[in-house]
Amino acid sequence: ATNGGRSFRSQWESSPVTADPRQYRICWCDSTWGCTGTGPSTGFKMDAGVLAVVTILPSGDKECHVGDVCRISDFDGQLHEGDLMRVVLPPESQCGQAAAPAAGFPNDGVSQPASVGGSEYSWGGRDRVTAEPREYQLCWCPWQKVERCVTTNFLSPAGLLMVKGPVFETAPFTCQAAHDCRLAFNRGFRLNRPENPARDRVLLIPFEEDCGVTERDFGIAGNRTHEVDAQSKVTLPAEEMGSAGHWRICYCAWWDSDTDQDLTPCSTYRDFPGNAAVLQVAGALLGQRFTCTVGQNCIITIEGYAME
């Protein structure tokens, strides 16, 4: 004992606890009682209380979609509302290390306090995850240490978080108006997985808007979403490419967002949070009107995109 007999530090502090999660009795021994051995006849005669060994039990990999809010659930163990979760980037960081947070997660990768009895965690409320699509490590800190949940206290591995979705194509796709338009989506994580009951899909929204929060543009792509085929390609037929302009391509990696009331993946614009690319359609803008006068030279200027 230290601190006048009020503090006890043992081998537990220098090495991880591997005991089964449950409650244990703590037995105290005065230094004059012969504190040796482990049997009932030793000096450890006074009941000093209960020690609870807690842990979190993952139930498979968790998924979130880049560009959307992130909420994960279905954990088990000795959990409480108010527990915290932290996201780190393996193999560079591991649970318990004072490593830099995984970029792109709200609140530097630390979740909101757990709800639903400690089994559900979310990041940032309405803030969206902009992290690189890839695999991340989840690390848990129990509620008894909320005030001490600094980075080194997220000691318990809680499974893997898969952030799926496309990687943004910095170079825009370019197609011609009134021609078939072929797009390829080869960069991303967990795209078009064969175990999904249907393929990923894309939709087009106005260039100035954000994916996952804006309805599709009804003037392009036939006013519908389009399937990503087995080769990660999308074909927009010529009859749906009647207007020139710029559009943002939003991606749904077979995802059902928590921000809508619908339970079917890729069915509403909120299920398309992935900012995949920009599409530039070359040609003339629709609806232009010109006037010429009989007997005079006629010069008109046709407005459009990428016209030569």
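Note that this is a predicted model, so its numbers are computed, not measured.

With that settled, the discussion passes to the packing of aromatic side chains. Under the defined criterion, the tally for this structure stands at 5 aromatic pairs. Ring plane angle 65° and centroid distance 5.7 Å describe the contact between F185 and Y251, whose orientation is recorded as edge-to-face. Of this pair, F185 sits in the loop between β12 (181-184) and β13 (188-189) while Y251 sits in strand β17 (residues 245-252), and the two are 66 residues apart along the sequence. For F185, a relative accessible area of 4% puts it in the buried group. In this structure Y251 comes out as buried when scored by relative accessible area, which is 1%. Cluster of aromatic residues (ring-pair linked, three or more members): F105, W123 and Y136. The ring of F75 carries K62 above its face, with NZ or CZ at 4.7 Å from the centroid. When the ring centre of F207 is taken as origin, the NZ or CZ atom of R248, which lies over that ring, is 5.0 Å away.

All right, on to the nonpolar core then. Counting residues in each nonpolar core, the largest one holds 23 residues, and the members touching the most others are L183, F185, L236, M241, I249, Y251 and L279. Counting only elements with at least two residues in this core, the list comes to β11 (173-176), β12, β14 (201-206), β16 (233-236), β17 and β18 (274-284). Tallying contributions element by element places β18 first for this core, with 4 residues. With residues near it in sequence (within four places) discarded, M241 still touches C175, Q176, A177, A178, H179, C181, I220, L236, L279 and V281. Counting residues in each nonpolar core, the second largest holds 22 residues, with C70, L79, V129 and W140 among its members.

Let us now look at the state of the cysteines. Using the criterion set out here, one finds 7 disulfides in the structure. The disulfide partner of C141 is C149, and the S-S distance across this bridge is 1.9 Å. Between C141 and C149 the disulfide shows an S-S torsion of about -90°. By sign, it is left-handed. A single burial state applies to C141 and to C149, both of which are buried. A disulfide bridge connects C292 with C298, and the sulfur atoms are separated by 1.4 Å. Since its relative accessible area comes to 41%, C298 is described here as partly exposed. No disulfide involves C27; its nearest neighbouring cysteine sulfur is the one of C29, lying 10 Å away.

How each quantity is defined
- Residues numbered from 1 in each chain as written.
- Predicted model: local features only at pLDDT ≥ 70, side-chain atom pairs only at ≥ 80, totals over all residues.
- Heavy atoms only, no water.
- Phe/Tyr/Trp six-rings, centres within 6.5 Å; stacked < 30°, edge-to-face > 60°.
- Helix = DSSP H or I, 4+ residues; strand = E, 2+ residues; numbered from the N terminus.
- Buried < 20%, exposed > 50% of the residue type's maximum accessible area, 1.4 Å probe, protein only.
- Lys NZ or Arg CZ within 6 Å of the ring centre and 35° of its normal.
- Core = buried A, V, L, I, M, F, W, Y, C linked by side-chain atoms within 4.5 Å.
- Contact = heavy atoms within 4.5 Å.
- Disulfide = S-S within 2.5 Å.

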